[in-house]
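# Understanding the architecture of this molecule
These are the residues of each chain, in order.
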Number of protein chains: 2
Amino acid sequence: MANLTIALDAMGGDVGPRVTVPAALQALASNPALKLLLVGQPDAIQPLLAQCRAEQLSRVEIIPADGVIANDAKPSNAIRQSKGTSMRVALELVKTGQAQACVSAGNTGALMGLAKLMLKSIDGIERPALMTILPNQQKSQTVVLDLGANVNCSSDMLVQFAVMGSVMAEEVVNISKPRVALLNIGEEESKGLDNIREAASVLKETTSINYIGYVEGNELLTGKTDVLVCDGFAGNVSLKTMEGVIRVILSLIKSSSDQNKKRSWLMQLAKKWLKKRLMKRFGDMNPDQYNGATLLGLKGIVIKSHGAANEGAFKAAIDRAVQAVEKQVPERITARLNIVLPRSDQ
Amino acid sequence: MANLTIALDAMGGDVGPRVTVPAALQALASNPALKLLLVGQPDAIQPLLAQCRAEQLSRVEIIPADGVIANDAKPSNAIRQSKGTSMRVALELVKTGQAQACVSAGNTGALMGLAKLMLKSIDGIERPALMTILPNQQKSQTVVLDLGANVNCSSDMLVQFAVMGSVMAEEVVNISKPRVALLNIGEEESKGLDNIREAASVLKETTSINYIGYVEGNELLTGKTDVLVCDGFAGNVSLKTMEGVIRVILSLIKSSSDQNKKRSWLMQLAKKWLKKRLMKRFGDMNPDQYNGATLLGLKGIVIKSHGAANEGAFKAAIDRAVQAVEKQVPERITARLNIVLPRSDQ
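Throughout this document, residue positions are counted from 1 along each chain, in the order its sequence is written. Written order decides the labels, with chains lettered from A and ligands numbered from 1. Local features in this predicted model are restricted to residues whose pLDDT is 70 or higher, and side-chain atom pairs enter the listing and the counts only when it is 80 or higher, whereas totals over whole chains, interfaces and linings include all residues. Just so you know, side-chain values use all the structure's heavy atoms and leave hydrogens and water out.

### Points about the sheet that holds strand β8 (residues 210-215) of chain A
Residues and elements named next belong to chain A. Formally: A strand pair is defined by DSSP finding two or more bridges across the two strands. Strands here are runs of E lasting at least two residues and helices are runs of H or I lasting at least four, both read from the DSSP assignment and numbered beginning at the N terminus. Every axis in this analysis is a line fitted to C-alpha atoms, fitted for helices over the stretch in contact. Angles between the N-to-C directions lie between 0 and 180 degrees. When checking whether two residues touch, look at their non-hydrogen atoms; a contact exists if any pair is within 4.5 Å.
Spatial ordering of the open sheet is given by β3-β2-β1-β4-β11-β10-β5-β6-β9-β7-β8, a layout of 11 strands whose pairing is mixed. Whereas interior strands pair on both sides, the edge strands pair on one side only; in this sheet they are β3 (60-64) and β8. The mean inter-strand angle of the sheet, taken between neighbouring strand axes irrespective of direction, is 25°. The pairing of strand β5 (residues 129-135) with strand β10 (residues 293-296) spans 3 bridges and is classified as antiparallel. Bridging across to β10, L130 finds its partner in L295. Sheet strands touched by helix α1 (residues 17-30): β1 (5-9), β2 (35-40) and β3. Its angle to β2, the strand with the most contacts, is close to 170°.

Following this line, the structure appears as C-alpha cells:
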C-alpha cells in the first residue's frame, strides 16, 4: 500500500480531541503504514501529542481548523455555516486527494449532508446510506444498511442499497453470492410498505443479486441473511434496539450478585470466570467495542463514529476506514453498478 | 368478579389444540373464578380434556367451529371466508357478551381485521393498535404500541396511541402520570418523519398527557419512558429485534462450554448453577415466557398470542386477557378519550 492517509475530524464527538487523539495514536501504533491528518484546533490537539514517540509523530500532521459543528446543530444550518470547521476541512482533504478517507464522530446529519455535497454520490446512487457490519450467530457477519441516513426511502433507493450491500458482503466479508433480504414486518409477500414490496419485485428479477425475500427484525443477528436492506428509519430503530438490549443484558450480567453470601470461594471463582467468558463472547456485539458506520455510495470514503465513542471505539472506526481504503470500496461499487443497474444517461 | 368468561380460538397458532387446550387447563387450575370457552373442532379438543378433573371440566365448554383460518392466508381473503371459523366464532362470543375477552394465536392480520369488523373501534380511535407491556431495567414496566397493526400511522393515530398507552400504564402498571415518548431516530426536535413530528407538537399541547419527547430504539428496555408510542412498522421492528437479540444471547449462555476440561466437578457445578441463575434473571424478557399483545382501541378485549407460543406462553396470553377484563380496559380508554380528545360528533 503506497499511500494510506486518513483525515480525522479531531474535534467531533461528545468528547473531542481527548478521545480522538489518543485513538489516533493507538491506530498509528497498530499499523505502521498509516498516516493520519488530525483536523482541528492545534491548541487542543498539540498537548495530547506530547508523550508521542518520534516515529509516530512523523506520521501525524495537524491540519488547523478553528470551527466546530455542534452535535445538536440543525444539519441544514450547520452545513450552511460549515466553512472552516474541522468536519468540512477533513472532507476537503478527501476531495482533494490528500487523504483517502475521513472519520468523524460529529453531527451525523451534517456529516451526511456535507459529505454528499463535497464528495458527490456515485453515478446511479440517489442518496448514500449508512452501513455497518454486524457479527452473527453463524460465526459470520451481516451487512446492514441503511441505518438512518434516509428516513424516506424509495424502492429505487432500496434496490441501490441491495447492490452496495452485496458488494460489501463479497469484498469485505468475503462471501460469494451473498444472500440479500429486505427488512419487513412479516415474511409473506403481501406484507409491509409499498416501497418495500416494489423493491422486492425488482430484486426478484435482478439475477446478479441473490435475493432471498423478507426477513423480520428477529433475524438481525441470526445470520439468516448476509445483507439486510432496510429503510433508514427502521434500520436505525433495529440497530439501536439491538445496542440497547445488549447494554441492558451486559449490565445485568455485570451486576448479577449472589444473594446467598455463604457460598464458597469456589462459587465466587466460577462466577467470575463465567462473567468474563460471557463478556468476551458478547464483546464483538458490545456497542462500546464495535464502532463505525460507513457512508456508502459516495465517491470518497467517510466513516461515522458514534458520538459517544471511547478511545477504543474511535480506533475501531479508524480501522474501518483503513479497511475501506484497502478494499477500494467506492471503486468496487461503481464497477458493480455499471453491470447491475440500467444507466439513465446511456 | 361475578363473571369471568374468556373465549379461546383453540385451533389458532402453529400447533393448535395440543398447545391451546393444555394451556387452558393450566389457566383454569391457577384461577378458580375463570371459565373458558374452547372454540374449534370438538374431535380435536375433546380427547385433550380426557385427563381433566371434574371441577375444571365444569368450567370448560367446547363451542363447535369447523373452519380454521390458515396462518399464511391473505387477511382480506381470510376475512371474506371467515364464517364458521374458530377465530370468528370466538370473536362473536365477545360481541354477544357470552365472553368478556378472546385469545387467539392465529393469523395476525385476519384477527385484527375481523376484530375491528365485529367489535368496532372505540369512538375517537381510528384504528386499533397492538400493545404489549415489557419489563424494564428500572424494575418497572413499559407499555409499547403499535407493534404492527398499522404500517402507516397518521399523527392523529399516534396521539390516540399515546392516550391509550397512558391509560394502560396507569391502570395496569399502576404508574401515576406515566411518561409518554415517541420512538424516533434522534432526540432532536427536527428529527424523523412528518407524522411523528406532528404528533409531537400535538402531544406537547395536551396537558393530560405527560409527554417527554423522542426516544431512540436503545431505550426500549431502559425504563426512560413508561409509554413508548411507535408507528406499527418501527414498533414491530423494534420488538422483533429485541426478541431476536435476547434469543441469540440466551442460546450463547446455554451453549457456553468450558474448553478447559480439567476443571473440577465442583467448578462444573458452580457453573451450572450460575447459568441457571442468569437464565432465570433474563426469564421475564424471554419471548418464550412472556406473551400476548393486546389489540387496544376496540369495544371488546382481544389478545393476540405468538403463533409459535408453547403451553406456558399461551397461558400467559390468557392471563393477559384476564387482567384486561379485571381492569376494564376498553371502558377506561373510552372514559379517558372523552376527556382528552376533541369529539368530532359534538
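Text resumes after the structure shown.
### Thoughts on the domain arrangement of chain A
Residue and element names in this part refer to chain A. Operational definition: The domain boundaries here were taken from an automatic or database domain assignment. One side-chain nitrogen of Lys or Arg within 4 Å of one carboxyl oxygen of Asp or Glu is enough to make a salt bridge. Definition of a polar contact: a pair of N or O atoms within 3.5 Å, with one able to donate and the other able to accept a hydrogen when the atoms are protein atoms, and with sequence-neighbouring residues admitted only if both atoms are side-chain atoms. Lys, Arg, Asp and Glu make up the charged group, whereas Ala, Val, Leu, Ile, Met, Phe, Trp, Tyr, Cys and Pro make up the nonpolar group; the residues left over, Gly among them, are polar.
Per the domain assignment, the segments making up chain A are domain 1 (1-122 + 297-345) and domain 2 (126-290). Counting the contacts that link domain 1 with domain 2 gives 2 salt bridges. Between R332 and E171 there is a salt bridge, and its shortest N-O distance comes to 3.4 Å. Applying the counting criterion to the domain 1 and domain 2 interface returns 7 residue pairs in polar contact (both at pLDDT 80 or more). Sorting the residues of the side of domain 1 that touches domain 2 by element identifies α6 (108-119), α11 (311-326) and α12 (329-340) as the ones contributing at least two each. At 6 residues, α12 tops the list of elements feeding residues into the side of domain 1 that touches domain 2. When grouped by side-chain class, the residues that make up the side of domain 1 that touches domain 2 number 9 nonpolar, 6 polar and 6 charged.

### Here we look at the packing of helix α5 (residues 86-95) of chain A against α6(A)
All names here are of chain A. Test applied: In this scheme the crossing of two helices becomes right-handed for a clockwise turn of the near helix relative to the far one and left-handed for an anticlockwise turn of less than a right angle.
With their axes 10 Å apart at the nearest point, α5 and α6 run at an angle of 30° to one another. As α5 packs across α6, the resulting crossing turns out to be right-handed. Side by side, α5 and α6 meet where M87, R88, L91, E92, V94 and K95 of the first sit next to A110, L111, L114, A115, M118 and L119 of the second. Per-class residue counts for the contact of α5 with α6 are 9 nonpolar, no polar and 3 charged.

### Some thoughts on the sheet that holds strand β1 (residues 5-9) of chain B
Whether parallel or antiparallel, the strands of a sheet pair through hydrogen bonds between backbone atoms. Residue and element names in this part refer to chain B. Read across the open sheet, the 11 strands follow the order β3-β2-β1-β4-β11-β10-β5-β6-β9-β7-β8; overall the sheet is mixed. Two strands bound the open sheet, and with one partner strand each, they are β3 (60-64) and β8 (210-215). Across this sheet, the average inter-strand angle for adjacent strands is 25°, counted without regard to direction. Direction of pairing for β1 relative to strand β2 (residues 35-40): parallel, over a ladder of 5 bridges. Looking across to β2, one finds that L8 is bridged to L38. Lying on the sheet, helix α8 (residues 194-205) is in contact with β7 (179-183) and β8; it crosses β8 at an angle near 155°. Across the sheet, helix α11 (residues 311-326) is in contact with β1, β2, β4 (101-104), β5 (129-135) and β11 (301-304); its angle to β4 comes to roughly 160°.

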